[in-house]
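# Structural overview
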Amino acid sequence: MIKTSYEFDQSILAAGSSLKTDILLRFRADIAKSPRRNLNLSLVIDRSGSMAGAPLHHALKAAESVVDRLEPYDILSVVVYDDEVDSVVPPQAVTNKSTLKNSIRKVRAGGITNLSGGWLKGCEHVKTRLDPQKINRVLLLTDGHANMGIQDPKILTATAGQKAEEGIITTTLGFAQGFNEDLLIGMARAATGNFYFIQSIDEATEVFSIELDSLRAVVGQNLKVTLELADGVSLVDTLSLAKVSQNDAGKAVITLGELYEGEDKLLGLSLGISSAQVGDLPVMKLHYSADVVQDDRIQSVSGTVDVVAKVGTVEEAAFAATSHIILELSRLTIAKAKETGLNLAEHGKHQEAEQILRSLVKDLRDKGLNENFEIAEEIDQLEYFASRIAQKALGNAGRKEMRDQTYQTMTRNRSDLVGRGVTAGDEVYAMPIVNEVGSGVELHCVREGGKLRIKVMSEGYDSTKNIQFPRAIRAEGARYVVEGLELSSDGFANAKGERTFYRVRGKITRFAQPGETDIFVAPRQSYPTNTGKASKGPASAADLPTTDSVGDSILVQCVKDGSKLRARVVSDGYEPDWNMRFPRSVREEGMLYVVDEVKTAPDGKSYIACGEIKRFVQPT
């Protein structure tokens with residue numbers, strides 16, 4: 001069965017009219033520890049040109065790690081895609097891991113991004129072995145925008161929802177900075193799957209591991225909640241990214257997706273109450289249903305909960321204890337504010353977006369919640385995003401971090417997924433620099449589980465404690481000197497009565513060790529030394545210099561077009577169908593090249609390769 005509970009933000013609501021209150025609902029599959037469910041899994045991996053080099057290398061390593069963690073009763077398929085879609089591992093039981101991993105290792109980078117073709121092939125493979133007693137899942141990984149096949153996000157999102165109704169759930173994984181987060185998040189939401197932002201390419205294995213842990217922990221699916229609101233009660237807002245619809249009776253139906261063993265599914269609601277008298281106030285009837293593991297089988301369960309609020313006088317409400325769920329509601333409120341702020345900024349309302357974030361910061365501080373480390377970290381994030389939005393400088397990385405933080409907080413209840421973000425704050429380059437610690441305290445910024453954390457290096461402090469530190473000047477590997485550290489207040493002390501984190505006191509400077517290279521010198525705008533002239537090639541491709549990385553250059557591929565060999569750009573942001581002026585002497589079918597620059601030709605509908613040409617060699 002499903003265990004449900006609810007709590008209001010205030011234990012006693014004040015009698016009167018036009019009340020607004022927040023409520024936190026919890027759902028958990030209340031079952032004995034169940035055996036691990038078998039998986040029917042398809043890995044769908046982008047091998048287009050933009051993945052060439054280290055990204056594809058790490059993605060394939062992550063795929064191999066998945067093979068290592070599967071069991072003989074699991075079903076696995078692996079699909080790779082560029083222009084073409086190849087099933088390098090057709091659906092099969094995981095009985096020969098060595099053979100499966102060898103097949104994965106043979107994958108090489110290719111052309112442009114047929115995301116829909118690869119994803120649909122993965123869905124097809126899962127469908128051939130579809131079993132309601134298994135976890136049937138497609139993991140779609142990409143680093144770029146779809147530029148071949150079905151490209152309309154609305155169609156792909158709607159199709160993801162249709163596949164979910166057939167029992168095929170999709171999890172999406174965005175790799176590095178080039179992918180379309182709106183598309184991947186939209187597909188994951190429609191399919192009630194998960195979404196992950198793999199910010200650093202060496203995190204791929206770690207993120208795949210988180211998803212596998214989640215799949216093993218699935219004990220319930222298709223959780224739906226129907227709200228039957230009492231007279232005079234209205235739904236003001238939903239603090240969740242769950243799908244909200246209406247049934248034939250006009251009642252709100254919220255689709256919450258999967259339940260995980262040992263993890264509460266949270267749903268925050270903001271409610272309006274037209275009037276309330278002292279006593280018990282019926283607020284709503286909560287109807288829920290889900291498919292959960294019972295007696296080693298998937299069975300449908302449902303139930304109803306009466307939600308009742310306690311109403312007292314204004315004095316009783318004022319002296320009533322604030323509910324202990326304030327932290328969980330605050331996290332959901334913060335995530336909602338980030339979503340709202342980002343949407344406003346993208347519609348040109350930067351001042352309004354900044355105000356929403358800064359007002360929330362003030363409210364959190366007024367409530368003393370900045371003495372909780374997680375909320376203190378969120379305050380730093382809110383101030384960072386507010387500043388970037390005000391400067392109209394949020395950027396691609398900042399946008400992705402905001403969307404990811406919102407998604408994880410409002411869909412999952414895992415501390416290792418919230419507040420992720422490793423992009424260096426630009427302000428770190430403009431900080432004053434010192435070459436000795438002196439009487440100050442030395443700090444170091446490190447990356448931990450997709451987050452930038454600050455650690456104390458100086459003696460006399462507890463190195464296990466976290467440190468609240470401005471997000472805008474965090475950068476992995478940076479060292480700092482501060483005047484001092486002070487402990488947080490005891491308002492949120494741990495079970496032993498210990499105050500849990502440090503707060504920076506006084507001036508902050510960046511520390512550069514004498515004699516060591518300073519990697520945070522303010523970057524200067526630099527460009528490749530291009531002549532702007534069309535590239536010239538040697539006698540043959542064999543005479544070209546080689547490289548195993550693309551960097552800031554452009555990736556070009558040679559393809560057969562009828563009886564001709566033509567060059568085309570396969571890096572994202574270019575038109576793959578345009579012709580290109582490219583030396584004929586080095587053209588070989590299927591070969592990848594790295595060129596310094598690609599310019600648009602005078603005709604406005606073709607390209608010219610400029611600068612040095614190198615032959616791309618896949619790293620091993």
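What comes next is a walk through the structure. The model shown is predicted, which means the values in this text are computed figures rather than measured ones. (Residues numbered from 1 in each chain as written. Predicted model: local features only at pLDDT ≥ 70, side-chain atom pairs only at ≥ 80, totals over all residues. Heavy atoms only, no water.)

In this section: helix 10 (residues 373-390). Its 18 residues give helix 10 an end-to-end C-alpha distance of 26 Å, which sits within 8% of 26 Å, the value for a rise of 1.5 Å per residue. Along helix 10, 14 of the 18 residues are buried, which leaves the element largely enclosed by surrounding structure. Near the N-terminus of helix 10, the side chain that reaches the backbone nitrogen of Glu374, with its oxygen 3.1 Å away, is that of Asn372. Positive backbone phi, at 55°, marks Lys392, one or two positions downstream of helix 10. (Helix = DSSP H or I, 4+ residues; strand = E, 2+ residues; numbered from the N terminus. Expected span 1.5 Å × (residues − 1). Buried < 20%, exposed > 50% of the residue type's maximum accessible area, 1.4 Å probe, protein only. Polar contact = N/O pair within 3.5 Å; in protein donor to acceptor, adjacent residues only side chain to side chain.)

Moving on, we come to the packing of helix 10 against helix 11 (residues 395-411). For any two helices packed against each other, one specifies the crossing angle of their axes together with the interaxial distance. Here helix 10 crosses helix 11 at 140°, and the two axes come no closer than 11 Å. The pairing of helix 10 with helix 11 is recorded here as oblique in orientation. Handedness of the crossing formed by helix 10 with helix 11: left-handed. From helix 10, Gln381, Phe385 and Ile389 reach across to helix 11, where they touch Gly398, Glu401, Met402 and Gln405. In the contact of helix 10 with helix 11, the residues fall into 3 nonpolar, 3 polar and 1 charged. (Axes fitted to C-alpha atoms, helices over the stretch in contact; angles between N-to-C directions. Parallel < 35°, antiparallel > 145°, perpendicular 65-115°, else oblique. Left-handed = near helix turned anticlockwise from the far one by under 90°. Contact = heavy atoms within 4.5 Å. Nonpolar A, V, L, I, M, F, W, Y, C, P; charged D, E, K, R; others polar.)

Moving on, we come to the layout of surface pockets. Within this model, the largest pocket holds a volume of roughly 560 Å³. For the largest pocket, the lining is made up of 23 residues, of which Ala164, Glu165, Gly167, Ile169 and Asn222 are closest to its centre. Of all the secondary structure elements, the ones that give two or more residues to the lining of the largest pocket are helix 4 (153-165), strand 10 (218-229), strand 12 (243-246) and strand 13 (252-260). Class assignment of the residues belonging to the lining of the largest pocket gives a composition of 6 nonpolar, 9 polar and 8 charged. Its volume calculated, the second largest pocket comes out at about 440 Å³. Lining the second largest pocket are 30 residues, and of these Thr409, Met410, Thr411, Arg412 and Asn413 lie nearest its centre. Taken together, the elements giving at least two residues each to the lining of the second largest pocket come down to helix 5 (181-190), strand 13, strand 14 (265-276), helix 8 (326-346) and helix 11. Element by element, the count of residues in the lining of the second largest pocket is highest for strand 13, at 5 residues. Tallied by class, the residues present in the lining of the second largest pocket amount to 10 nonpolar, 10 polar and 10 charged. (1 Å grid on protein atoms, 1.4 Å probe; cavity = no way out; pocket = protein on both sides within 12 Å on 5 of 7 lines; lining within 4 Å. Points joined across faces, edges and corners; volume = space filled by probe spheres on them.)

Within the open sheet, the 6 strands sit side by side as 2-16-15-10-13-12. Their pairing is mixed. Only two strands of the sheet have a single neighbouring strand rather than two, namely strand 2 (13-14) and strand 12. Where strand 10 and strand 13 come together, 7 bridges link them in antiparallel fashion. Considered in strand 13, the bridge of Thr226 is made with Val253. (Pairing = 2+ DSSP bridges.)

Looking now at the pattern of salt bridges. Across all of its chains, the model carries 47 salt bridges by this definition. One salt bridge connects Asp366 with Lys362, and the closest N-O pair in it is separated by 2.9 Å. Of this pair, Asp366 and Lys362 are both found in helix 9 (residues 350-366), 4 residues apart, which corresponds to roughly one turn of the helix. When its relative accessible area of 56% is taken as the criterion, Asp366 is described as exposed. Classification of Lys362 by relative accessible area gives exposed; the value is 53%. Residues Arg453 and Glu377 are paired through a salt bridge, measuring 2.9 Å at the closest nitrogen-oxygen approach. Remark: Glu377 occurs in helix 10 and Arg453 occurs in strand 19 (residues 451-456); sequence separation between them is 76 residues. Given a relative accessible area of 13%, Glu377 falls into the buried group. Within the structure, one salt-bridge network assembled from shared partners comprises Glu181, Asp182, Glu346, Arg399, Lys400 and Arg403. (Salt bridge = Lys/Arg side-chain N within 4 Å of Asp/Glu carboxyl O.)

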